[in-house]
Structure formats: structure tokens, C-alpha cells
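Listed here are the chains, written in short residue letters.
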Amino acid sequence: MNSIQGELERELGRLRAQNLWRALRCVDSPQGIRISVHGRTLTNFSSNDYLGLANDPALKEAAIRAIERYGVGTGASRLICGSLAPFHELETKLAAFKKTEAALAFASGYAAALGTICSLVGPSDVVILDKWVHASIVDAARLSGAKLRVFPHNDLADLEEILQWARRRDDQTGSRRGRILIVTESVFSMDGDSAPLRDLVLLKEQYGAWLMVDEAHATGILGPHGAGLADELALGDRIEVQMGTLGKALGTAGGFICGSRQLIDLLINRARSFIFSTAPTPAAAAAAAVAIEIVQSKAGEDRRRVLHCRVRQLQLRLNAGIGSGETNCRAAIVPWMIGPEARAVVVARRLCDQGYYVPAVRYPTVRRGQARLRFTLSALHQEEDIEGLARALSEAAADS
Ligand SMILES: *Cc1c(COP(=O)(O)O)cnc(C)c1O
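Below or above, wherever it landed, is the structure these notes cover. Here the structure is a predicted model, which means the values were calculated and not measured.

1. Notes on the overall build of the protein
Counting its secondary structure elements, the protein contains 15 helices and 13 strands. Against the compact-globule benchmark of 21 Å for 400 residues, the protein has a radius of gyration of 22 Å, which places it among compact chains. Dimensions of the protein along its principal axes, counting C-alpha atoms only, are 65 × 55 × 50 Å. Out of the 400 residues in the protein, the part that is buried amounts to 52%. Residue pairs at least 24 apart in sequence account for 70% of intrachain contacts in the protein once pairs closer than 6 positions are excluded. Per element, the accessible surface of the protein, about 18,000 Å² overall, is 52% carbon and sulfur. In the protein, 48 positive and 44 negative side-chain charges are present, and the distance between their average locations comes to 3 Å.

2. Things to note about the pairing of strand 9 (residues 255-259)
The buried count for strand 9 comes to five of five residues, which makes it a mostly enclosed element. Both faces of strand 9 are covered, namely the face carrying G255, I257 and G259 and the face carrying F256 and C258. Across five bridges, strand 3 (residues 102-106) lies against strand 9 in antiparallel orientation. Opposite A102, over in strand 9, you have G259 as the bridge partner.

3. Concerning the site of the ligand
Contacts to the ligand come from 14 residues, most closely from G109, D214, H217, T245 and K248. Within the side chain of D214, a nitrogen or oxygen atom sits 2.5 Å from a nitrogen atom of the ligand. Side-chain polar atom of T245 to an oxygen atom of the ligand: 2.7 Å apart, as the coordinates give it. When the ligand is considered free in solution it has 380 Å² of accessible area, and contact with the protein chains removes 83% of it. For the shell around the ligand, the secondary-structure elements that each account for two or more residues are helix 5 (109-120) and strand 8 (241-245).

4. Considering the sheet that holds strand 10 (residues 333-339)
Pairing in this open sheet of three strands is antiparallel, and the strands run 10-13-12 from one edge to the other. Edge strands, defined here as strands with exactly one partner in the open sheet, are strand 10 and strand 12 (360-361). As paired elements, strand 10 and strand 13 (residues 371-376) share six bridges and run antiparallel to each other. Note on strand 13: the bridge partner recorded for I333 is T376. Across the sheet, helix 14 (residues 341-353) lies against strand 10, strand 12 and strand 13, angled at about 35° from strand 13, the strand it touches most.

5. Notes on helix 14
Compared with the 18 Å implied by 1.5 Å per residue over 13 residues, the 19 Å span of helix 14 between its first and last C-alpha is a close match. Along helix 14, the residues that are buried comprise E341, A344, V347, A348, L351 and C352. Down the axis of helix 14, the sector holding all buried residues measures 140°, keeping them to one side. Structural note: helix 14 exposes R349 and D353 on the side pointing more than 90 degrees away from its buried face. Contacts made by the buried residues of helix 14 are with strand 2 (40-44), strand 10, strand 11 (356-357), strand 12, strand 13 and helix 15 (383-396). Positive phi shows up at G355, right after helix 14, with a value of about 100°.

6. Details of the pattern of salt bridges
For side chains bearing opposite charge, pairing can occur when the charged atoms are close. Taken as a whole, this structure holds 14 salt bridges when the rule is applied. As a salt-bridge pair, K298 and D302 come within 3.0 Å of each other at their nearest N and O atoms. Of this pair, K298 and D302 both sit in helix 13 (residues 298-322), separated by four residues, roughly a single helical turn. Across the salt bridge formed by R305 and D302, the nearest N and O atoms sit 3.3 Å from each other. Of the two residues, R305 and D302 both sit in helix 13, three residues apart, roughly one turn of that helix. Counted as one network, the salt bridges with shared partners bring together K298, D302 and R305.

7. Re unusual backbone geometry
The linkage connecting Y363 with the following residue, P364, adopts the cis geometry, with an omega of 5°. Assignment of secondary structure puts P364 in the loop between strand 12 and strand 13. At N19, a residue that is not glycine, the phi angle is positive and equals roughly 60°. Position of N19 among the secondary structure elements: in the loop between helix 1 (2-17) and strand 1 (34-37). In this structure N19 comes out as partly exposed when scored by relative accessible area, which is 27%. With a phi close to 60°, N154 is a non-glycine residue in the positive phi region. Topologically, N154 is positioned in the loop between strand 5 (147-151) and helix 7 (156-173).

8. Focus: the pairing of strand 2
As defined by bridge partners, strand 1 adjoins strand 2 across four bridges and the pair is classed as antiparallel. Paired with R34 across the two strands is T43, which belongs to strand 2. The pairing of strand 2 with strand 11 spans two bridges and is classified as parallel. In the strand pairing of strand 11, T43 is matched with Y356.

Calculation rules
- Residues numbered from 1 in each chain as written.
- Predicted model: local features only at pLDDT ≥ 70, side-chain atom pairs only at ≥ 80, totals over all residues.
- Heavy atoms only, no water.
- Helix = DSSP H or I, 4+ residues; strand = E, 2+ residues; numbered from the N terminus.
- Rg over C-alpha atoms; globule rule 2.2 N^0.38 Å.
- Buried < 20%, exposed > 50% of the residue type's maximum accessible area, 1.4 Å probe, protein only.
- Contact = heavy atoms within 4.5 Å.
- Areas by Shrake-Rupley, 256 points an atom, 1.4 Å probe, with all protein chains shown as cover.
- Lys, Arg positive; Asp, Glu negative; His and termini not counted.
- Charge placed at Lys NZ, Arg CZ, Asp CG, Glu CD.
- Pairing = 2+ DSSP bridges.
- Near = heavy atom within 4 Å.
- Polar contact = N/O pair within 3.5 Å; in protein donor to acceptor, adjacent residues only side chain to side chain.
- Axes fitted to C-alpha atoms, helices over the stretch in contact; angles between N-to-C directions.
- Expected span 1.5 Å × (residues − 1).
- Arc of directions from axis to C-beta.
- Salt bridge = Lys/Arg side-chain N within 4 Å of Asp/Glu carboxyl O.

What follows is the structure, encoded as C-alpha cells:
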């Protein structure tokens, strides 16, 4: 007993010493642009609820109706005790939204990545990742047992070399052509930049590889109806696997995969994170179905327009006042590079003292020595919120 506590305490001490210690902060308000933390109201620049739907009255009403009709629990995995109607309604809406044949809802985006990649590739296959993909994809690729290769962020020349290697490997091993699965994101979660999706599609077609695109940060944000980058570029039907989460712009929680009927049937039969896990709540599914409608509507378009305006405003202020702001205006993520973990923590704490809740993103989310503040914006932020943040940041960063 004592030996485990002592050993873990030493490990925690090392985290503290490296400024990598993290702790939960209890919030006793809904997610929104103002949150209440230990009795203080802070302006929130940390949430992925980009369109401000997490506390939206229409979503809440749908969730309440679903609870009244279906209860709160789901009893078991959907394959065991029956699959509640709200999941089927959600999946029909998701497939129409993403213009695919079918869709499957998972308990989270993390579970979707894990279940899907492990269903598609195994030890005789190759999985190739962009260096910056989300941890869920890295974990999935490792767990799959496939040969794992990583290319430098968005570097298609390097990706092509790996594809050539993978095909040569086939020729050497003879008979069966192993599968090659490339996985990337459309909008990257830490820097808000995007993948060169058109060229990626051409390349994977040339080498007979499959492509999986995680649209976690593009869903609801990019494309004429908010369906993401693949839809904006009309590439949806050339991408084998489209992944997303319900937990960001769609305001609820859960993950999903969209693709062909065969892909979805295979996942129902093979994805262990789907098969061996209790179905998520019907309330979340019902709320997400309403979120998809809002995102595609005029109201969704209006929210996207305001959001992009606020992002632009913050980027201009960062570039003008303090420097080093990124100029990608399309995602709702505005990173501000700091470098040393200790300094990121200090600046974030000072911002918090001034009433702004902003995460100091550190290792292992990003590489060591590349700590940053990550501002995420919402369509509900007002111009004054952005101005106030920019002012507070120039003070907070002045002498740290
Ligand atoms: C958030 C995120 C996930 C995980 O989705 P959850 O629904 O939060 O589990 C997967 N991929 C990316 C790129 C993400 O940002």
C-alpha cells in the first residue's frame, strides 16, 4: 500500500517539477462563454463548443424529451439488448449530413478511432499517420498491430516515400497485398491549420491506399452546410472513412464514423469499442440530431459567420499587438506559441487572474518545449470579449 503511494507521489513530483502537473477545476455552470469556477465568473476561451450549442435550449429540450421517452440508461451494448431509436435517427441524419451511405455512432471520438482503425488494419498491414494527429489515432494505430509509419506534418513528399516503401514491401512478401491506411485530420486540433486534402486524395488513389480523415474540428465549422472540409472540397465520396465527434461544434458528446454501408456493417461486427461498451445515452443522441439540423440551417450559417469574424478579430489583434499569431482564419482555434512550459503556465495563470479561462497546452498534448496558449472561440463571444482578451494577454505576457 505505502509503496505504491510513495512511488506515485515521486512520479507526481516529477510532473510538478517539469510544470506538467494538471488538476481538475470544478465548474458549476453550463459550458458557455462565461463559466463559474470557484465562485468566480470567467470568460471562457477553452471550450470546443464552437457554435455555442452545448447549452442551447433546442438541444436541451430534445434531450429532455428523449429522457422522458427512453429513460437515462441504455442497458447494454446496442448489439446485446437492442438499439434505441434515437441512435438510428442520429445515424440517418449523420449520413445525410456527410453525404455517405451510412454512419455509426460511438460513445466518443476516441472510441470511434480505436474501434475503426483496429477493425481495418492488423499486423500484415501498414498504417501511416500525419505527425500531428490526435492521441486517439496514435493509440488506435499502435493497438492495431499494423506497421506504423509517421510523416512530418502535411509533408506529402515524405508520405509518398512511405507509400512507395509500403508497396515495395508488398512485392517482396509476394501474394497478398497488405492494406495501407493513411490517417489525418482535416483541421488540426492544436494549431487549427488544415490538411492538403485534394493532393492527399490523389496520392492515396495513385498508391491504392485507403484514407481516413478525422473532421473533429471542421464539422460544423467548414463547408457550405458545416459538414466539414471533405464536403467543401467535394471529396467525400473519395475518402473511405470520415470520422467526427459530437462533442465539439455539435455541442453534445459521442463520436461517429461515416462511410459506405459495408464499412459501417464491418464496424458493427468488428469494432471492439462499439461491441464491448454500453451504448451512450439516448439524450445525447437526440440532442446531437437537433444540433446537426441547426448546423445545416440558416441559423448555423449565421453562427459560423460570427465565429469566423471573431477568429479574424483575435488573429489581427495578436499579429498587430504581440506578434507570432497564426494567420489561418478558418478554424475556431487560435494558438499562441510560448515555448517553455513554465512560462505558459504563468501566462495562463495571469489571464485567469484577469478573468479569462485559457488552457496552457503542454506535453504530452504537444511536444516538450512547445507549450502554447490555445484560444478556442465561440460564436457566442462578443467583440468586447476578444478586445478584453487581447488587452489582458499583452499585460500577462509583458514581463513573464
Ligand atoms: C477531440 C478529438 C477527438 C476525440 O473525440 P472525443 O469525442 O472528444 O473523444 C478525436 N480527434 C480529434 C482531432 C479531436 O480533436
